[in-house]
Amino acid sequence: MNTNKRLLVSTSVLVFCFVIFLILNSNIASAATYYVSATGNDTTGVGSSINPWKTTTKAFIMGGGHVYVLKDGLYDYNGGNITNPPSGTVNQYTMVMAENDGKAIIDGQKLRRTISIRGNSNYQPRYISVIGFHTKNSSDSAIEVSGYSDSARAHHIEIKRISGKDSGNINGDVAGFGMYTEDNLMEDSWFWGKARTIVMNYGHYPEPPPHTYRNTFRRVVARFDATDATSGGQNVFTNYGADDSIYENSIAIDANNAPDPYGAFRNRPGASNNKFLGNMILNVGNFYPFDIGDSTIEIANCAVKGTSQNNYARNYGQGKVSVVNFNQCTFIGSTGPIFIGDGTLATNNSLFKDSGSAVCVSNCHWDNSGSTSGTNPSSGDSGLLYLPRVEKGSAVDGTGNNGADRGANIVKRYLNGVLTDEDLWPWPYEDRLKTEMCLDTNRGFCAQGNGLYGGPITLTSYIWEYLGNSCPAEICNYNIQYHLADTNQNNKIEMAELIAFIGKWKSAQVNLNDVLTALDKWLKGM
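Residues numbered from 1 in each chain as written. Predicted model: local features only at pLDDT ≥ 70, side-chain atom pairs only at ≥ 80, totals over all residues. Heavy atoms only, no water.

Draft legend 1. Main features of the overall build of the protein. Along the protein, the regular secondary structure elements total six helices and 36 strands. When its C-alpha atoms are laid out on the principal axes, the protein stretches across 75 × 65 × 45 Å. Within the span of the protein, comprising 526 residues, buried residues form 57% of the whole. Put simply, of all contacts in the protein between residues at least 6 apart along the chain, 65% involve residues at least 24 apart. Carbon and sulfur atoms form 50% of the exposed surface of the protein, whose accessible area is close to 20500 Å². When the 42 positive and 48 negative side-chain charges of the protein are each reduced to one mean point, those points stand 4 Å apart. (Helix = DSSP H or I, 4+ residues; strand = E, 2+ residues; numbered from the N terminus. Buried < 20%, exposed > 50% of the residue type's maximum accessible area, 1.4 Å probe, protein only. Contact = heavy atoms within 4.5 Å. Areas by Shrake-Rupley, 256 points an atom, 1.4 Å probe, with all protein chains shown as cover. Lys, Arg positive; Asp, Glu negative; His and termini not counted. Charge placed at Lys NZ, Arg CZ, Asp CG, Glu CD.)

Draft legend 2. Just helix 6 (residues 512-523), in detail. The end-to-end C-alpha distance of helix 6, which contains twelve residues, comes to 16 Å, matching closely the 16 Å that a straight helix rising 1.5 Å per residue would cover. Listed as buried for helix 6 are Val515, Ala518 and Leu519. Taken down its axis, helix 6 places every buried residue within 100 degrees of arc, on the same side. (Expected span 1.5 Å × (residues − 1). Arc of directions from axis to C-beta.)

Draft legend 3. Molecular detail of the pattern of salt bridges. The tally for this structure, following the rule as stated, stands at 25 salt bridges. Here lysine 71 ties to glutamate 99 by a salt bridge, and the two come within 3.4 Å at their closest N and O atoms. Residue lysine 71 is located in the loop between strand 2 (67-70) and strand 3 (73-75), and its partner glutamate 99 is located in the loop between strand 5 (94-98) and strand 6 (104-107); the two are separated by 28 residues in the primary sequence. Accessibility expressed as a relative area gives 16% for lysine 71, which makes it buried. The partner of glutamate 248 in a salt bridge is arginine 218, with the nearest N and O atoms 2.6 Å apart. Linking glutamate 248 in strand 19 (residues 246-248) with arginine 218 in strand 17 (residues 216-226), this pair joins segments that are 30 residues apart in sequence. (Salt bridge = Lys/Arg side-chain N within 4 Å of Asp/Glu carboxyl O.)

Draft legend 4. Quick peek at helix 3 (residues 430-437). Among the eight residues of helix 3, six are classified as buried, and the element is accordingly described as predominantly covered. Looking at helix 3, one finds that the buried residues are Glu430, Arg432, Leu433, Lys434, Glu436 and Met437. Contacts made by the buried residues of helix 3 are with strand 9 (134-136), strand 12 (163-165), strand 15 (185-194), strand 17 and helix 4 (459-464).

Draft legend 5. Inspection of the state of the cysteines at higher detail. Under the definition given, this model contains four disulfides. Disulfide partner of cysteine 302: cysteine 329, at an S-S distance of 2.2 Å. Between cysteine 302 and cysteine 329 the sulfur-sulfur dihedral comes to about 125 degrees; the bridge is accordingly right-handed. Of this pair, cysteine 302 sits in the loop between strand 25 (296-300) and strand 26 (303-305) while cysteine 329 sits in the loop between strand 28 (322-327) and strand 29 (330-332), and the two are 27 residues apart along the sequence. Cysteine 329 matches cysteine 302 in its accessibility class, with the two residues each being buried. With a sulfur-sulfur separation of 2.1 Å, cysteine 471 is cross-linked through a disulfide to cysteine 476. What sets the handedness of the cysteine 471 and cysteine 476 disulfide is the S-S torsion sign, and at about 100 degrees it is right-handed. For cysteine 476, a relative accessible area of 9% puts it in the buried group. By sequence-ordered numbering of the bonded cysteines, the protein has its disulfides arranged as 1-2, 3-4, 5-6, 7-8. (Disulfide = S-S within 2.5 Å.)

Draft legend 6. Expanded view of unusual backbone geometry. Between proline 209 and proline 210 the backbone carries a cis peptide bond, its omega angle lying at 5 degrees. Looking at the element boundaries, proline 210 is found in the loop between strand 16 (197-202) and strand 17. Cis geometry marks the peptide bond from tryptophan 425 to proline 426; its omega dihedral reads -5 degrees. Following the sequence through the fold, proline 426 ends up in the loop between strand 36 (418-423) and helix 3.

Draft legend 7. Structural view of the pairing of strand 35 (residues 412-415). Pairing of strand 35 with strand 36, which is carried by three bridges, proceeds in the antiparallel orientation. Directly across from lysine 412, in strand 36, lies its bridge partner aspartate 423. (Pairing = 2+ DSSP bridges.)

Draft legend 8. Region of the structure containing the layout of surface pockets. Here the second largest pocket is characterised by a volume of approximately 870 Å³. Around the second largest pocket, the lining is made up of 28 residues, and of these Asp101, Tyr429, Tyr482, Leu484 and Gln489 lie nearest the centre. Of all the elements in the fold, those that place two or more residues in the lining of the second largest pocket are strand 5, helix 3 and helix 5 (495-506). The biggest single contributor to the lining of the second largest pocket is helix 3, with three residues. Of the residues contributing to the lining of the second largest pocket, the split by class is twelve nonpolar, seven polar and nine charged. (1 Å grid on protein atoms, 1.4 Å probe; cavity = no way out; pocket = protein on both sides within 12 Å on 5 of 7 lines; lining within 4 Å. Points joined across faces, edges and corners; volume = space filled by probe spheres on them. Nonpolar A, V, L, I, M, F, W, Y, C, P; charged D, E, K, R; others polar.)

Draft legend 9. Quick peek at the sheet that holds strand 27 (residues 313-315). Read from one edge to the other, the open sheet built from ten strands follows the order 4-7-10-13-16-18-21-24-27-30, with strand pairing classed as parallel. Each of the sheet's edge strands pairs with one partner strand only, and the pair in question is strand 4 (82-83) and strand 30 (339-340). Note: strand 16 against strand 18 (residues 235-240), five bridges, orientation parallel. Its bridge partner lying in strand 18, methionine 200 is registered against threonine 238.

Draft legend 10. Structural detail: the packing of aromatic side chains. For the coordinates displayed, the defined rule picks out 25 aromatic pairs. Following the ring pairs from residue to residue traces out a cluster consisting of Phe177, Phe217, Phe237, Tyr247, Phe265, Phe276, Phe290, Tyr312, Phe326, Phe331, Phe352 and Trp366. In this structure, lysine 54 is placed above the aromatic ring of tyrosine 77, and the distance from its NZ or CZ to the ring centre is 4.3 Å. Sitting above the plane of the tyrosine 262 ring, arginine 314 keeps its charged end 5.1 Å from the centroid. (Phe/Tyr/Trp six-rings, centres within 6.5 Å; stacked < 30°, edge-to-face > 60°. Lys NZ or Arg CZ within 6 Å of the ring centre and 35° of its normal.)

Draft legend 11. Focus on the side chain of threonine 347. Here threonine 347 lies in strand 31 (residues 343-348). In this structure, threonine 347 is in contact with Phe326, Ile338, Phe352, Val359, Cys360, Val361, Ser362 and Cys364, ignoring residues within four places of it in sequence.

Draft legend 12. A look at the environment of proline 269. Relative to the elements of secondary structure, proline 269 occurs in the loop between strand 21 (263-267) and strand 22 (274-277). As for proline 269 and alanine 242, which are separated by 27 residues in sequence, their C-alpha atoms are 9.6 Å apart.

Printed below as a string of structure tokens:
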């Protein structure tokens, strides 16, 4: 072995030992891992992997800051659902996770809430992560998080890699953050089915709102299928009286028509200073792509195609005025004005294709669309091949303000409102997503068969091929193999992921070779 190789091995061993030392001498060392199984026993079980408990009710007695693992199986009984896990701390979250993503299935049988974290006078939810479950047949929302009061908000709740179908409340939502919540995260999750709203961020009542702040919805996919709602207005995503929240890289897709359609993304009166970044609206039936109340909001890097409405956005502020800023968006196929209703609209660096009239402030491009407007307009063939991006060398590539593109480039991930250099595609966890969302339908991306690129139709290929061109090889790259530690599926192991993975090794969920491989990738920045 040469000197350089010896040095690399020695460095790797030293770093590994250092990481282990940090873990063993940090709060993580005091966290225990407890197991629950549908075949477990609350009386004779001890909460171990080989002798688990049967209910989360029993397990949660152990308190906050621990890891609670639900083994593969169907949880269709009292105590098999997740209700009010004990709170953790800023340094040590309580983690409630499926042993294998999507394999722990929580079935409420329309008698129980499936995942319910609801504050009360004796319980303030905070610092809790819920990861990897599939839910169905909830008696109300499939996933609900709420606080108790403005002085006892639920905060730092993480909902990751969770799926849910239908709301048990005909006027309710499938998943969301409710009253008195702040600084929560919903990430890499997908929801669909029958409800008034699919994904909700709620803080409207009591008056005056808001009572909900700074919630983030990251890479959430939502599909409206049907409703039995008796109150007016259906939505895919709704920001209802909540402020300072972010929707990033989320998708409203393949909606059926609604009896009283509002927005694919709705920002209701009383919700201000919210950001919608890198989102896509595709094939949403008769929903308005954006439905906006009395708000000041930012909509950037958006792509819209496939609504039967003549307008891309409307103000439904009940006589109140909106301030809406569109920047670097791609709009395709609606023949009416971009915006109807009262309010101030500022559109910049955007692309209109096969569209009607549009009012632009500056640097917009019209491709087979209405009359140009604003400063520095352009028109003609945009060279657009794919909904999520503009093409290099095209008329809209870098010709906007300060070299910006005219139109959306939704190819990288947003993180906390900032565009990163991490690839967004192929869409993370899309195999599981398609299996679950397409169980009862074959419409839209759920169609069977192959895409134009030659492989099976996926969420990624469906979106990229929506304009009739084959998915690029660099996007529909299904030869990527993600390491087990790379839970974000971005081909890069972060320190937090490495530490969590070593924690799995401590609890005998993974072997040492896997940890050493993860360490090597982390050292190489992979």
